[in-house]
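Structure at a glance
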Amino acid sequence: MNLEQLIDYLANDSEFQKRLTKWLVFDARTARHKPFPDDLNPNLMSILKQKGIEELFTHQYDAYNAIRQGKHVVVVTPTASGKTLSYNLPVFEDMLLNRETRALYLFPTKALSQDQVNETQDLAARLDKDIKTFTFDGDTPVNIRRTIRSAGHIVVTNPDMLHQGILPHHTLWIKLFENLRYVVIDEIHAYRGVFGSHLSNVVRRLKRICRFYGSDPQFICSSATIANPQELVENILEENVTLIDNNGAPSGKKHFLFYNPPIVNAELGLRRGVVNETRQIMRKLIPTGAQVIIFARSRQRVELLVTYLRTLAQQLKMDPDKIQGYRGGYLPKQRRIIEKGLKNSQIQVVVSTNALELGIDIGQLDVSLMAGYPGSIASAWQQSGRAGRRRSTSLTILVASSSPLDQYIIEHPSYFFERNPETAHIDNNNLPILMSHLKCASFELPFKEEEIFTQDITGQLLDFLAEERVLRKTDGKYFWMQDIYPADEVSLRNAAPENVVIIDTHANKQVIGEVDLFSAPEMVHTEAIYFHQSIQYFVDQLDWDERKAYVHKVNVDHYTDAITKTDLKVLDVLQEGSETDDPFQKFFGEVAVSRVTTGYKKIKLHTHENIGMGRVYLPEMEIQTNALWWEFPDQLRSDPYFTESIIGEGLRGIAHALQNLTPLYIMCDVSDIAVVPMVRAPFSQKPTIYVYDKYQGGIGLSKKLFNIDKHVLDAARNHIETCPCGQGCPSCTGPAMEGGLFGKSSAVKILKTLKLQD
Amino acid sequence: MDIKDKLAYYSAYRKKPKNSKSDNVYSSLQALRDYFDGEFSEPSTSYLKISRKFSLFKEQNDSTIAIPFLSANKHKAAFNLKDCIFFDLETNGLAGGAGTFAFLLGFGYVEDGDLIVNQYFLPDYGREYSLYTQLLNMLNQYHTLISYNGKSYDFPLFKTRLILNHLPGEFNSLQHVDLLHIARRIWKRSLPACDLNSIETYVLQKERSEDIPGYLIPQAYMNFLQTGVIHDIIKIIEHNYHDIVSLAQLLLLFNRIEKEPNLLKDNQALFSLAQLAYKQNHQAYLNRFITEYEKHRDPNKTEQMLVWQSLLHKKRSEWVEAISLWENLIRSRKFGLFALEELAKYEEHVVKNYERALQLTTRAIHNVQTLNELHSTVFQDDALSRFLHRRRRLQGKLS
């Protein structure tokens, strides 16, 4: 059965049809070309012809011209539209004329850079020119670093390495910085929020170092389709940027299916789980032989799905090894094997986290299946773009979970055929971030008194650092004067830089993977069942001090789910914002949040019933951040309906809805904020809900929410009230079993006492 | 919130600075000058120069330094002591990178049997340019730079400071001898660490009184900048001075050890040098060490040296010598298998006596299997599979 037949088959499957809320068809688009530019180097031209490229796509042509005119550009194109050529072409053109020209390519992840190196090395080899490309990242062996520093024409790295390994040691990179003509930033839409605010400051530092060495590079960026690519890039670079978005690449016909799993419990409004539903759909897809990529939202889900699908493959008398998982935590070598297996079709189904969403070269597959909404429309498009060989038909299926955001999207598919409303924002003047980079910049080069790093306040900030004895001001300059290496104290991604290594004690103490320190207490605590390549491992011991988890293979009928406890302490109230006739009070301030994993539940595979528990003893992880909180009126307690436990159920319900709906109002990930309900807050003894930024120092999310809080609270009330379920469901106040029987009604009642409408 | 409030908020949960005394550093600087009888640079007082003399030789001494062996052939040619410049920096941090600043730069050279030590103290940041221009001119007069761990620390840092001051950072005519590398080659087995401090105590038998430990130096300089208190700066200047004196003494000591390795009374050190001789194919040296060991020292260690010696003979196809060594080693617990293997290789590949080679191999297999039975935990699987492989091949050749 080919893909067209599969699509027909699905269209005629009435069971399947019933689940669809929308079947969108995007027509095929033909290529739009322009001839090679007149000034293109003849050697380059013949190389391109050799590679079967006779003309440029319109966006490649425009990018080439704009870059040749010296402009900073951002090229916006979908997946697989030849965007690498958009920047390789002008860069190589220049390098053929000028042997000293250098370029820096930045990719958001290490994995992405590998393909790029292959691509430019291929170009250089075909040109028979000594244009050297090197990857420079944490894995680069020390003995070749010296060569890279002096002889690398194109240095491929990531922002983290630029920040920690290159800029602070700029004197070792004179050749690069003196001759730096181009800085390529790929997948720039990935840099929003915290990461983007950091990147923008790293760019400030980069430009400063370039000025010192007398260079003034041009920036060439690429972005997926979002609403404000130009604005985002201009904010990050603090430069005027030319937008190139006339995509000329062809695309095949695309079917985009919105699939809502059936309600299994009308009373509870519960829908069938994404994992089970995906398995059902795959039962139809696998026998067709179509190559499928499944995106799952968590590492654990990836492993669960691989396990289920391998069992399914066995039932279908198929080689289970044709089904593979792919996620962070697999070793690079393992990943390369999987990528290759996909390209040469030895692997039929890959289940991945968003690790494969960005441009890692795995070829184009037939079907992209999203097991749950990936959290943003831009991501959904990128994941969908993994399916569809050029000019041939492709199929995308979005399977919604019961989460409020998924349910909202599945009911509003118009976002996918109208303009994408999502805007990406950064705040490069977020004080903790800005200060971190101001320190790094001071370490790299002393600031002059009149120098500008950020508009208006550079001098005040530097004076502050001088008072704090971080800098020393003398002779009109600020000098670094601490005995530390400031870049080591700043992680661009707010993930702890340390990892916990996972060691299989029964296989020659082989390292099978790693987990970041912050996730380690939940993923690999002692006695956890850890899934790796869908094999179950039992964690014998988590040696916290050594950052090592010792595991061995097991085959049991359950997995574990960590129990994590959160504590929240108000450190300082910075703002009170309630109006006089508001029956509740709202605050914004500084809080300390500590998280600790105290135990785990054993959950039976397939039935998901709880079959046991255990305790673990691990240290707390603490962050200080900003929070918004509402203290609800005392009258609640005088109403006989509101017993302590009913207030608790209501608050939990409100928290559940807020947690999930906030990303629609403030561009962020569901996991960027946390919502914590407390029946009696230790701070005030009142029923309270806290919303805090899950980022050290805060990133302005809860602050923004503070200004539009009534709007969001009212939306939550509306959403909960109009939800068709009985006593609460995952789409509104959370499953009734967890929220209690009164979660929904109590939540609505509490929200109504707030008199939200003016 | 305006930026002041934000900063107040930002600093609220950070460490509060201590109250600093007045920045009246200039008068302390004068006190420092007087203490060491130094001089300020003219006209801008950008640094303090201190010049001191240390008597290096008691009697007339040959001033040629030759350390090809100890430097593992990195410095093949002999050089003149007069052309050496000793150097050591004290910095405001130990992390490295562009933000690390050297506030005290010590240089030493030899003149008429004396070591002249010139130290340059920078009383603040931002005053490097004139000093570094002068140092560049000064360095051009020398041919060999001598340091301790300078290759990976002091010298790159020095270059970084030059680049930051827009001065040329290339030194093509200067060879750099890092004494740490030599010290490691000699004493890596004898000492837990080969830092200059340990070497001074253990080798030069010097004790420093009132020395400031290296890790306190950055903080001491910060304190000086804030308070002008010179107590610790005096200690640092002394520390740096003694470092440079030790550099010169060590170089002379290495020069003597190169000629007369038996000066080393330390068996481990001598053993390390024997290994170095082996790695450098230096038969004459190796023989000296073996004789020395057999006569006076630990005979157990001699076996390893004999192994090295036999391998050197093998490299030169001096088969008679090699075979006699291997035959003696057959009964060694540690090197018996090695000897059998080498002999079997010789019989198989050199004289092509496959019968003999097979006998030796069978004997080795028998030995390994016996050993494995005796110590069931330490399997010599690698050795065993190598010998089994050899036996199969030999049997093939014979059939």
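As a further point, take the confidence of the model for chain A. Here chain A averages 86 in pLDDT, and 94% of its residues register 70 or above. Averaged pLDDT values over the elements of chain A bottom out at 52 in helix α24 (residues 736-739) of chain A and peak at 97 in strand β8 (residues 180-185) of chain A.

Reported here for the second largest pocket is a volume of approximately 1200 Å³. Secondary structure elements with two or more residues in the lining of the second largest pocket: α7 (142-151) and α9 (174-178) of chain A together with α4 (150-164) of chain B. Ranked by residues supplied to the lining of the second largest pocket, first place goes to α4(B) with nine residues. When its residues are assigned to classes, the lining of the second largest pocket shows 16 nonpolar, 10 polar and eight charged.

Before going further, it helps to examine the domain arrangement of chain A. Once the domains are mapped, chain A shows domain 1 (3-27 + 251-416), domain 2 (33-244), domain 3 (431-489), domain 4 (500-556) and domain 5 (563-753). Put simply, the middle of domain 2 of chain A and the middle of domain 4 of chain A, counted by C-alpha atoms, are 38 Å apart.

Residues and elements named next belong to chain B. Taken together, seven strands build an open sheet; the order of strands is β1-β2-β7-β6-β5-β8-β9 and the sheet is mixed. Of all strands in the sheet, those bounded by a partner on one side alone are β1 (39-40) and β9 (175-178). Bridge analysis of strand β5 (residues 84-91) against strand β6 (residues 102-111) gives six bridges, and the strand direction is antiparallel. Along β6, the bridge assignment pairs phenylalanine 86 with glycine 108.

What follows is about the domain arrangement of chain B. All names here are of chain B. Each assigned domain of chain B is listed with its residue range as follows: domain 1 (22-259) and domain 2 (262-398). Summarising the inter-unit geometry, the C-alpha centres of domain 1 and domain 2 are found 46 Å apart. In this complex, domain 1 contributes 16 residues to the contact, which on the side of domain 2 involves 16 residues. The contact between domain 1 and domain 2 buries some 1300 Å² in all, and 58% of this surface belongs to carbon and sulfur atoms. If you look at where domain 1 meets domain 2, you find zero salt bridges. Connecting domain 1 to domain 2 are eight residue pairs in polar contact (both at pLDDT 80 or more). Elements with a minimum of two residues in the side of domain 1 that touches domain 2: α5 (179-187) and α8 (231-259).

Next up on the list: the sheet that holds strand β16 (residues 349-352) of chain A. All names here are of chain A. Taken in spatial order, the seven strands make up an open sheet running β1-β11-β18-β17-β14-β16-β15, and their pairing is mixed. Unpaired on one side and paired on the other, β1 (20-26) and β15 (323-326) mark the two borders of the sheet. Adjacent strand axes in the sheet meet at a mean angle of 15° when their direction is disregarded. Relative to strand β11 (residues 254-259), β1 runs antiparallel, the two sharing six bridges. Note that in β11 the partner of tryptophan 23 across the bridge is leucine 257. Against the sheet, helix α15 (residues 377-384) engages β1, β11, β14 (292-296), β17 (367-371) and β18 (394-399), with an angle of about 145° to β17.

Moving on, we get to the side chain of B:Gln119. Residue and element names in this part refer to chain B. Position of glutamine 119 relative to the elements: it lies in strand β7 (residues 114-121). Looking at glutamine 119, the relative accessible area reads 0%, which means it is buried. Separated by 2.8 Å, the side chain of glutamine 119 and the backbone oxygen of isoleucine 237 make a polar contact.

What follows is about helix α5 (residues 83-97) of chain A. Counting buried positions over the 15 residues of α5(A) gives 12, a clear majority of the element. For α5(A), the complete set of buried residues consists of A:Leu85, A:Ser86, A:Tyr87, A:Asn88, A:Leu89, A:Pro90, A:Val91, A:Phe92, A:Glu93, A:Asp94, A:Met95 and A:Leu96.

Glancing now at the pattern of salt bridges. All names here are of chain A. Tallied over the full model, the rule gives 47 salt bridges over all chains. The salt bridge partner of glutamate 339 is arginine 336, with a shortest N-O separation of 3.2 Å. Remark: arginine 336 and glutamate 339 occur in helix α14 (residues 332-343); sequence separation between them is three residues, near one turn of the helix. On the basis of relative accessibility, which here comes to 7%, the residue glutamate 339 falls in the buried class.

Under the definition given, this model contains four cavities of 30 Å³ or more. Its boundaries defined by the atoms lining it, the largest cavity holds a volume of some 80 Å³. In terms of lining, the largest cavity is formed by 13 residues, of which the most central are A:Pro446, A:Phe479, A:Trp480, B:Ala98 and B:Arg161. The set of elements that each furnish at least two residues to the lining of the largest cavity consists of α17 (431-444) and β21 (477-480) of chain A together with α4 of chain B. For the lining of the largest cavity, the element with the highest residue contribution is α17(A), accounting for three residues. Together, B:Ser71, B:Lys74, B:His75, B:Lys151, B:His176, B:Val177, B:Asp178, B:His181, B:Ile182 and B:Arg185 line the second largest cavity.

Okay, the packing of helix α16 (residues 404-411) of chain A against helix α21 (residues 644-665) of chain A next. A pair of packed helices can be characterised by two numbers: the angle between their axes and the separation between those axes. Residues and elements named next belong to chain A. As a packed pair, α16 and α21 sit with axes 8 Å apart at the nearest point and diverge in direction by 50°. One finds that α16 runs oblique with respect to α21. Contacts between α16 and α21 involve Pro404, Leu405 and Tyr408 on the former and, on the latter, His656, Asn660, Leu661, Pro663 and Leu664. Grouping the amino acids of the contact of α16 with α21 by side-chain chemistry returns six nonpolar, two polar and no charged.

Applying the stated criterion across every chain yields a total of 43 aromatic pairs over all chains. Consider the rings of B:Trp187 and B:Phe254, whose centres lie 6.1 Å apart with planes at 35°: the pair is tilted. Here B:Trp187, found in helix α5, pairs with B:Phe254, found in helix α8; they are 67 residues apart in sequence, far enough to count as distant. Positioned over the ring face of A:Trp544 is A:Arg547, at 5.3 Å from the centre of the ring. Across from the ring centre of A:Phe706, 4.4 Å away, lies the NZ or CZ of A:Lys586, which sits over that ring.

Time to look at the interface of chain A and chain B. Contacts between chain A and chain B engage 35 residues on the former and 36 residues on the latter. Carbon and sulfur atoms make up 61% of the surface buried where chain A meets chain B, a total of about 3200 Å² over both sides. Taken as a group, A:Arg469, A:Arg472 and A:Asp483 account for 20% of the area that chain A buries against chain B, more than any other trio of residues on that side. Linking chain A with chain B are two salt bridges, by the criterion used here. Residues A:Arg472 and B:Asp124 are paired through a salt bridge, measuring 2.7 Å at the closest nitrogen-oxygen approach. There are eight residue pairs in polar contact (both at pLDDT 80 or more) connecting chain A and chain B. Take the side of chain A that touches chain B: its biggest share by element is six residues, from α17(A). Looking at the side of chain A that touches chain B, its residues break down into 18 nonpolar, eight polar and nine charged.

Scoring rules and cut-offs
- Residues numbered from 1 in each chain as written.
- Chains lettered and ligands numbered in written order.
- Predicted model: local features only at pLDDT ≥ 70, side-chain atom pairs only at ≥ 80, totals over all residues.
- Heavy atoms only, no water.
- pLDDT = per-residue confidence, 0-100.
- Helix = DSSP H or I, 4+ residues; strand = E, 2+ residues; numbered from the N terminus.
- 1 Å grid on protein atoms, 1.4 Å probe; cavity = no way out; pocket = protein on both sides within 12 Å on 5 of 7 lines; lining within 4 Å.
- Points joined across faces, edges and corners; volume = space filled by probe spheres on them.
- Nonpolar A, V, L, I, M, F, W, Y, C, P; charged D, E, K, R; others polar.
- Domains from an automatic or database assignment.
- Pairing = 2+ DSSP bridges.
- Contact = heavy atoms within 4.5 Å.
- Buried area = accessible area lost by both parts, 1.4 Å probe.
- Salt bridge = Lys/Arg side-chain N within 4 Å of Asp/Glu carboxyl O.
- Polar contact = N/O pair within 3.5 Å; in protein donor to acceptor, adjacent residues only side chain to side chain.
- Axes fitted to C-alpha atoms, helices over the stretch in contact; angles between N-to-C directions.
- Buried < 20%, exposed > 50% of the residue type's maximum accessible area, 1.4 Å probe, protein only.
- Parallel < 35°, antiparallel > 145°, perpendicular 65-115°, else oblique.
- Phe/Tyr/Trp six-rings, centres within 6.5 Å; stacked < 30°, edge-to-face > 60°.
- Lys NZ or Arg CZ within 6 Å of the ring centre and 35° of its normal.

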